[in-house]
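What follows is the residue order along each chain.
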Amino acid sequence: MDKIIFFHMNQLGDLLFSLPVLKATRQKYPNIKIYCVARKNIAGLLQSTKLVDKVFFKVNSLGAEIDLIADIRKEKIDTAVMFSESPETLLLAYFSKIKNRIGFKTASLNFLLTQKVEKRGVPSLNNNIVLAKAVGQIYTDVKYAIGPAIDNGFYYDFDTPDIIKPEDFPRIEKAMK
């Protein structure tokens, strides 16, 4: 694999939760070229991470999407990873002539994928947002951080001036409800 492209979902939170995957990819394959497709309003954050070599902007117009397909084709990318399950994303990867297209089995156009993966339960993003909000309600001046990728996900860290202790867990759990 020489080149890989990640198709991101539309929201800032979704992008943040995909960063550990980009980091793990960069660490495991330091010499490959990493591309991403994202909306312009969140692409700046993606570029600032220095985890990607090039960001393609996703724009909602037929002409722009045809241009995007042509631009991606020029790069001759081997593999696509779709965080998004949208039909539009799968069609973009397919028409860009990317040989390996990896995405969720639950995508409506999953027949366009060459490798399908299970999506288990409720997206973990929802759980993490609820957790982050709960911690933010209890502790002031909380800073959120996404830690390194691990075998079954990634670390989600909080930096607080206070130390979170086991006796604080009931308050956190109550705020999560």
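These notes cover the structure that comes with them. (Residues numbered from 1 in each chain as written. Predicted model: local features only at pLDDT ≥ 70, side-chain atom pairs only at ≥ 80, totals over all residues. Heavy atoms only, no water.)

### Overview of helix 1 (residues 12-28)
Its 17 residues give helix 1 an end-to-end C-alpha distance of 25 Å, which sits within 8% of 24 Å, the value for a rise of 1.5 Å per residue. Considered for burial, the residues of helix 1 that qualify are Asp-14, Leu-15, Phe-17, Ser-18, Leu-19, Pro-20, Leu-22, Thr-25 and Arg-26. (Helix = DSSP H or I, 4+ residues; strand = E, 2+ residues; numbered from the N terminus. Expected span 1.5 Å × (residues − 1). Buried < 20%, exposed > 50% of the residue type's maximum accessible area, 1.4 Å probe, protein only.)

### Some details on the sheet that holds strand 1 (residues 3-7)
Two pairing modes exist for strands in a sheet, parallel and antiparallel, and in both the strands are linked by backbone hydrogen bonds. The six strands lie next to each other as 3-2-1-4-5-6, forming an open sheet whose pairing is parallel. A single partner strand is all that each edge strand has here, and the edge strands are strand 3 (54-58) and strand 6 (115-117). On average, each strand axis in the sheet is tilted by 20° relative to the strand beside it, whichever way the strands run. Of the pairings in the sheet, the one linking strand 5 (residues 100-104) to strand 6 comprises three bridges and is parallel in character. (Pairing = 2+ DSSP bridges. Axes fitted to C-alpha atoms, helices over the stretch in contact; angles between N-to-C directions.)

### Some words on the pattern of salt bridges
Enumeration over the complete set of coordinates arrives at four salt bridges. Linking Lys-58 and Glu-88 is a salt bridge whose minimum nitrogen-to-oxygen distance equals 3.5 Å. Taken together, the positions of Lys-58 in strand 3 and Glu-88 in helix 4 (residues 87-95) put the pair 30 residues apart, joining distant regions of the chain. By relative accessible area, which is 7% here, Lys-58 ends up buried. Classification of Glu-88 as partly exposed rests on a relative accessible area of 24%. Across the pair Asp-71 and Lys-74 runs a salt bridge whose closest N-O atoms are separated by 3.7 Å. With a gap of three residues between them, Asp-71 and Lys-74 both fall in helix 3 (residues 62-75), about one helical turn apart. (Salt bridge = Lys/Arg side-chain N within 4 Å of Asp/Glu carboxyl O.)

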